[in-house]
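Below are the chains, spelled out letter by letter.
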Amino acid sequence: MTPTLRAALWMTGAIASFTAMAIAGRAVSHQLDTFELMLYRSCVGFVIVLTILTVGGRWAEVSARNTPLHLVRNLAHFAGQNLWFFALTAIPLAQVFALEFTSPLWVAALSPLVLGERLTRPRAFSAAVGFVGILIIAQPGSGGGLSVGLGAAALSAVCFAFTAMFTRRLTRSETTLGILFWLTATQLVFGLVTAGHDMDISLPDRSTAPWLVLIGCAGLLAHACLTTALSLAPASVVIPIDFTRLPLIALIGALFYDEPVGWALIAGGGLIVLANLVNLRAEASPLRRKTGLHNL
């Protein structure tokens, strides 16, 4: 089996995991708010990471030398993930995924400010095309205005972009497992504070507990599959496979949630995918293989 084919198989695992997380997030939204959901998701993830560190004898990979950067990165991710889970309940699933795919375009636009990288013409072009795709999906002049759900999904993509950029800096000196330890640990604390600020945290029951376990496992599995795929094939090969999530989730939304797939979603989503492909083709780089932690 060729490395490219193996990468494609690993990407099916990532696609299934991201899709499962979206479905599970919507399934528990009627009983848990996003802060509670993130609290329990972080609990599951933290237990898994602790188990891997202990059983594998890999505690040496956990370092406190970049604690401030970990905190900033994980705060951005916590905000983005909460916005993402909220958007799942407010707008069609396909719209959430389409706007999520703008995250790499925000990286291209903002990395000159955050990472000091040069804003190239392909980056500027892809960001502009992606923004047009956002406008087509949102249709701000259609009379209904920009909905809260669309705004949440768009802002989550910006937060995921900051997460990716800070991750890029961390991977220069940190291992993936070390990053995951700080991710789950700090987000567990964030979840406790935000979910418990009113001293009323809803406990999982028999109907929600399996979904929460699925969310926690799916987030880590998605990252594992994505990073393994990127280790086998270039990002220019792997990331376009991830775009199949969009038609897949649109089909699931139409079949199980009666969500319409209109021209705006097709046209806007298509432009966003095109913009990503332009950016990937112009900027194939080893460092850009390490920004796939957005949905952890």
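Here's a quick rundown of the structure. (Residues numbered from 1 in each chain as written. Predicted model: local features only at pLDDT ≥ 70, side-chain atom pairs only at ≥ 80, totals over all residues. Heavy atoms only, no water.)

## Focus: the overall build of the protein
Quick reminder of the rule: Comment: elements are numbered from the N terminus, with helices defined as DSSP H or I runs of at least four residues and strands as E runs of at least two. Two things to know: the radius of gyration comes from C-alpha atoms, and the globule rule equals 2.2 Å times the number of residues to the power 0.38. Residue burial is assigned from relative accessible area. The probe radius is 1.4 Å, only protein chains are included, and a residue is buried under 20% of its type maximum, exposed over 50%, and partly exposed in between. Whether two residues touch is decided by their heavy atoms; if any such pair falls within 4.5 Å, the residues are in contact. Computed by Shrake-Rupley with a 1.4 Å probe, the accessible areas treat only the displayed protein chains as cover when residues are assessed. The sign given to each residue is positive for Lys and Arg and negative for Asp and Glu; His and the chain ends receive no count. Working definition for charges: the position is that of NZ of Lys, CZ of Arg, CG of Asp or CD of Glu.
On a plain count of helices and strands, the protein comes out with twelve helices and zero strands. Secondary structure elements of the protein occur, N-terminal to C-terminal, as α-α-α-α-α-α-α-α-α-α-α-α. Scaling as 2.2 N^0.38, a compact globule of 296 residues should have a C-alpha radius of gyration of about 19 Å, and the protein matches this with 18 Å. Counting the 296 residues in the protein, one finds 50% classified as buried. A fraction of 90% describes how many contacts in the protein between residues 6 or more apart in sequence connect residues 24 or more apart. Accessible area for the protein stands at about 13,000 Å²; split by element, carbon and sulfur atoms hold 70% of it. Charged side chains of the protein number 18 positive and 13 negative; the gap between the two group centres comes to 16 Å.

## What to know about the packing of helix α2 (residues 34-55) against helix α9 (residues 209-232)
Cut-off, in case you're wondering: Here an angle of 0 to 180 degrees is reported between the N-to-C directions of two axes, which are lines fitted to C-alpha atoms, with helices fitted over the stretch in contact. Any angle between 65 and 115 degrees counts as roughly perpendicular, while under 35 counts as roughly parallel, over 145 as roughly antiparallel, and the rest as oblique. Helix crossings get a hand from a simple test, with the near helix turned counterclockwise from the far one by less than a right angle marking a left-handed crossing and a clockwise turn marking a right-handed one. Residues were grouped as follows: Ala, Val, Leu, Ile, Met, Phe, Trp, Tyr, Cys and Pro as nonpolar; Asp, Glu, Lys and Arg as charged; and all remaining residues, including Gly, as polar.
In contact at an axis separation of 8 Å, α2 and α9 are set at 55 degrees when each is read in the N-to-C sense. On the basis of the axis angle, α2 is oblique to α9. Of the two elements, α2 crosses α9, and the hand of that crossing is right-handed. The segment α2 lies against α9, with Leu-37, Tyr-40, Arg-41, Val-44, Gly-45, Ile-48 and Val-49 engaging Leu-212, Val-213, Ile-215, Gly-216, Cys-217, Gly-219 and Leu-220. Residue composition of the contact of α2 with α9, grouped by class: ten nonpolar, three polar and one charged.

## A look at unusual backbone geometry
Look at Met-199: it is not a glycine, yet its phi comes out positive at around 60 degrees. Along the chain, Met-199 turns up in the loop between α8 (176-195) and α9. Located in the positive-phi region is Asp-258, a residue other than glycine, with phi close to 55 degrees. Locating Asp-258 in the fold gives a position in the loop between α11 (245-257) and α12 (263-282).

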